[in-house]
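Take a look at the letters that make up each chain.
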Amino acid sequence: QFSIKLSLERANLMSESTQKSGNSTIAVVSAIYMLILAVLNICGSLTLLGLGAFAGGMMGAVNTAIEAEGEELSAEAAEALAQAAGATGIVTILGVIGLVVAVAALVMAIGIFMKKPWSYMGTIVVNGVYIVLGIVGILTSGLNPMTLVLMIISAVIIYLFYSNAEVKQVLGQA
């Protein structure tokens, strides 16, 4: 009985200190996660943009070399070049989308740390977008364990933001 009472008193004290300081552990951890997500997305996006630019440059070089030789491409070679050019465009678009998500995650993290009310819904939206992009990535590229873990964390954050009164209070939604 004593240990249960002590645990309840400790939980009460933690809740009171959270209310006095205006911080929520869930909100702070979510902000840190959003920073990590932003850094990972920036790294991945810059890599995709670099690959897209490199592949695009290679396509241009191949086309120039073929034209300089004055040779005609076979139908299969022309089709392969067209598919590679399309893939280059998709990689570049994914890089840009990743950068947008990274910037949004960074803005939401700062908003959470500053206890801005808009960061509440923004965090939910950014995590939702990340989950959708993760699903698209899994369907197109196969299962990546890191993406799966980040998607699960994003889903948990969405759930906690909707269900936790303390987070809502800290971010001005209660």
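Above: the structure in question.
Procedures and definitions
Every chain's residues receive numbers from 1 upward, in the order its sequence appears when written. Thresholds applied to this predicted model are a pLDDT of at least 70 for local features of residues and 80 or more for the giving and counting of side-chain atom pairs; totals over whole chains, interfaces and linings are not thresholded and use all residues. To obtain the side-chain values, all non-hydrogen atoms of the structure were used and water was disregarded. Here a strand is any run of E in DSSP of at least two residues, a helix any run of H or I of at least four, and the numbering for each starts at the N terminus. Exposure classes here rest on a 1.4 Å probe applied to the protein chains alone. A residue is buried below 20% of its type maximum, exposed above 50%, and partly exposed in between. Contacts are assigned to residue pairs that have any heavy atoms within 4.5 Å of one another. In this description, accessible areas are obtained by the Shrake-Rupley approach with a 1.4 Å probe, and a residue is regarded as covered only by the protein chains that are shown. To estimate the expected span of a helix, count its residues, drop one, and scale the result by 1.5 Å. Between the N-to-C directions of two axes lies an angle of 0 to 180 degrees, each axis being a line fitted to C-alpha atoms and, for a helix, fitted only over the stretch in contact. Angles are sorted into four bins: roughly parallel if under 35 degrees, roughly antiparallel if over 145, roughly perpendicular if 65 to 115, and oblique for all others. Handedness of a crossing is defined here by the sense of rotation of the near helix relative to the far one, left-handed for an anticlockwise turn of less than a right angle and right-handed for a clockwise turn. Put plainly, a pocket is an open set of points on a 1 Å grid over the protein atoms alone with protein on both sides within 12 Å along at least five of seven lines, a cavity is a set where a 1.4 Å probe fits but cannot get out, and a lining residue has an atom within 4 Å of a point. Grid points are joined across faces, edges and corners, and a volume is the space filled by probe spheres set on the points. Classes in brief: Ala, Val, Leu, Ile, Met, Phe, Trp, Tyr, Cys and Pro nonpolar; Asp, Glu, Lys and Arg charged; the others, Gly included, polar.

What about the overall build of the protein?
Check the secondary structure of the protein and you find 6 helices and 0 strands. Reading the helices (α) and strands (β) of the protein from amino to carboxyl end gives α-α-α-α-α-α. The buried share of the protein, reckoned over its 174 residues, is 26%. If you take every contact in the protein between residues at least 6 apart in sequence, the share linking residues at least 24 apart comes to 77%. Of the roughly 10,800 Å² that the protein leaves accessible, carbon and sulfur atoms contribute 71%.

With respect to helix 2 (residues 25-69)
Because each turn of an α-helix spans 3.6 residues, side chains separated by three or four positions in sequence point in the same direction. With 45 residues, helix 2 ought to run about 66 Å at 1.5 Å a step, and its terminal C-alpha atoms sit 66 Å apart, in line with that. The set of residues buried in helix 2 consists of A27, S30, A31, Y33, M34, L37, A38, N41, S45 and G52. Buried positions along helix 2 lie against helix 3 (75-113), helix 4 (118-141), helix 5 (145-163) and helix 6 (165-170). With its phi angle positive at about 75°, G70 sits one or two positions after the end of helix 2.

Topic: the packing of helix 3 against helix 4
The contact between helix 3 and helix 4 brings their axes to 9 Å, and the two run at 150°. Accordingly, the angle class assigned to the pair helix 3 and helix 4 is roughly antiparallel. The handedness of the crossing between helix 3 and helix 4 is left-handed. In this structure, helix 3 contributes I97, V101, A104, A105, V107, M108, G111 and I112 to the contact, and helix 4 contributes W118, S119, G122, T123, V126, V129 and L133.

What to know about the layout of surface pockets
Approximately 760 Å³ is the volume found for the largest pocket. Forming the boundary of the largest pocket are 23 residues, of which N41, L48, L133, G137 and T147 lie nearest the centre. Of all elements in the fold, only helix 2, helix 3, helix 4 and helix 5 reach the threshold of two or more residues within the lining of the largest pocket. Of the residues in the lining of the largest pocket, the class split is 12 nonpolar, 11 polar and no charged.

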